[in-house]
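# Chains, contacts and geometry: an overview
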Amino acid sequence: MWRMIGPALLFSGAAIGTSHLVQSTRAGALYGGALIVVILLSFILKYPAFRFGVDYGHAARKSLVSGYRELGVWAPLLFALAAIPVVPVIYAALATGTAGIASAVFGLSLPVPMIGIVSFAGVAVVLMIGGYDWLDPINRVLLLFLIASTLVTTAVVLPRVEWGTMLDTSWAFEPTAILFVVALAGFMPNPLDVSVSQSMWTAEAEQRLERGKGGIKTSLGEARGAFVTGYAMTALLAVCFCIMGAGVMHADGIAPEASAPGFAAQIIGLYSAALGEWAAALAAVAALSVMLTTLLVALDIGGRHIASVRQELGGDRGPAAFKQTYRMAIAVLVALTGAVLFVFTANFTVMLDFAISASFVGAPIIAALNHLVVTRCAMPEEARPRPAIRVLNLIGIAIMTALAAAFFVL
């Protein structure tokens, strides 16, 4: 289980950065506990589409993009159009958040775009040199302290939370609140295109176990169990950050800052108010580490998506060609992200909401593609989802489509 849980922890590493540190905390600060139900519903409704990535990766030992290609050329093209164009804007938002925390932790006076692009270039070098061999262990180590410090901080903050706000539904009639909900759900816990990377991480972890000493083979149930463990931990931490925002910022009437350094300082203040200066300093370093992990995992996701789409649309399908395309894609994505960083950094939260909302608009498309893959493509019958999971995924697609339509209307 410990070996197999790596892909699940990569999923958590990608999620805990922006969706948790930023969006969950903002949800608590703005609406108290009212949006906890939205956070939990996002996890429930998106679960099938993410798990389908685990199912297909384990059963076929391939990327979901291979399944898309089996449906027809139109499917990987549709995925590429839904997922790839917004990637540089999402990366810019992630890099800006990382730069904000770095500025708050170390007192840096350098421009935010410069810190962001240096951080991004650093994780790009790590990926180009080490790939999955470095990605997995680095992610495991960096997550550990943030998880522990966040759970302790949440326990300390609990008495300050106005629990009556959980029953407040007035936000459902406010257009600005609905737009925020779309942005919150867009990255909660991750954009749905991460399901494609989940299939690739699962396949790679399985292949490494089989090639290793003893030739270990895991069952589909074990692979699903490992993913559910990481998924449940990710959901718990999302609620924790919302409670932290509600217990400190909402209770004291503190509005979230619009700038990345200002909001990062507020997040560090949450730990400081609950744990004291020394523990807060450690938690702040952990938060920075996890944001770097999010950059690391997110860049790996973008590189894998572009390389796999290119292969399925007629490129060389060998591992050497994949690695070459992967590295070229990372270099191009870093350059595009740098351009976005230097143009759109005046208002961090606006850029973040735009990036997340744009990503969420493509979510029902990816969920539908994943559904078609696990129900129609070549897979062992025992690996196909049960009717209850299929129905839950269809409900999720309907709700995500409605929210995407609401986003355009509003």
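Here, the structure is the one placed above.
Keep in mind that this is a model prediction, so the values were computed, not measured.

## As for the nonpolar core
Core analysis: the largest hydrophobic core is formed by 115 residues, its most contacted members being Leu 35, Tyr 68, Phe 79, Trp 171 and Leu 299. Of the residues forming this core, the biggest block, 15 residues, is contributed by helix α10 (residues 220–250). Excluding its chain neighbours within four sequence positions, the residues that come into contact with Leu 35 are Ala 27, Trp 171, Phe 180, Val 181 and Leu 184.

## Some thoughts on a nonpolar patch on the surface
Where nonpolar side chains cluster on the molecular surface, the patch consists of Leu 110, Met 114, Val 118, Phe 342 and Val 343 and spans about 500 Å² of accessible area. Sorting the residues of the nonpolar patch by element identifies α6 (112–130) and α13 (319–343) as the ones contributing at least two each. Positionally, Val 118 belongs in helix α6.

## Observations regarding the pattern of salt bridges
Taken as a whole, this structure holds five salt bridges when the rule is applied. One salt-bridge network, in which partners are shared between bridges, spans Arg 51, Asp 55 and Arg 224.

## As for helix α4 (residues 74–83)
Three or more residues of α4 are buried, namely Ala 75, Pro 76, Phe 79, Ala 80, Ala 82 and Ala 83. Down the axis, α4 shows its buried residues gathered within 170° of arc, on one side only.

## Side note on the packing of aromatic side chains
A full pass over the atoms with the stated rule returns eight aromatic pairs. For the pair Phe 43 and Tyr 231, a centre-to-centre distance of 5.3 Å together with 70° between the ring planes defines the contact as edge-to-face. With Phe 43 in helix α2 (residues 36–60) and Tyr 231 in helix α10, this residue pair connects regions lying 188 residues apart in the sequence. The interplanar angle of 15° and the centroid separation of 6.3 Å between the aromatic rings of Phe 322 and Tyr 326 together place this pair among those described as stacked. Of this pair, Phe 322 and Tyr 326 both sit in helix α13, four residues apart, which is roughly one turn of the helix. Residue classification places Phe 322 among the buried residues on the basis of a relative accessible area of 18%. An aromatic cluster of at least three residues, connected via ring pairs, comprises Phe 43, Tyr 47, Phe 50, Phe 227 and Tyr 231.

## Concerning the packing of α2 against helix α8 (residues 175–186)
Where α2 contacts α8, the axes come no closer than 10 Å and their chain directions differ by 50°. Compared by their axis directions, α2 and α8 come out oblique. For the pair α2 and α8, the sense of crossing is right-handed. Across from Val 38, Ile 39, Ser 42 and Lys 46 in α2, the residues of α8 making contact are Val 181, Leu 184, Ala 185 and Gly 186. Here the residues of the contact of α2 with α8 are counted per class, giving five nonpolar, two polar and one charged.

## Brief notes about the side chain of Thr 337
Tracing the sequence through the fold places Thr 337 in helix α13. Owing to a relative accessible area of 0%, Thr 337 belongs among the buried residues under this scheme.

What counts as what
- Residues numbered from 1 in each chain as written.
- Predicted model: local features only at pLDDT ≥ 70, side-chain atom pairs only at ≥ 80, totals over all residues.
- Heavy atoms only, no water.
- Core = buried A, V, L, I, M, F, W, Y, C linked by side-chain atoms within 4.5 Å.
- Buried < 20%, exposed > 50% of the residue type's maximum accessible area, 1.4 Å probe, protein only.
- Helix = DSSP H or I, 4+ residues; strand = E, 2+ residues; numbered from the N terminus.
- Contact = heavy atoms within 4.5 Å.
- Patch = residues over 30% accessible without salt bridge, like charges linked within 9 Å, V, L, I, M, F, W, Y side chains within 5 Å.
- Areas by Shrake-Rupley, 256 points an atom, 1.4 Å probe, with all protein chains shown as cover.
- Salt bridge = Lys/Arg side-chain N within 4 Å of Asp/Glu carboxyl O.
- Arc of directions from axis to C-beta.
- Phe/Tyr/Trp six-rings, centres within 6.5 Å; stacked < 30°, edge-to-face > 60°.
- Axes fitted to C-alpha atoms, helices over the stretch in contact; angles between N-to-C directions.
- Parallel < 35°, antiparallel > 145°, perpendicular 65-115°, else oblique.
- Left-handed = near helix turned anticlockwise from the far one by under 90°.
- Nonpolar A, V, L, I, M, F, W, Y, C, P; charged D, E, K, R; others polar.

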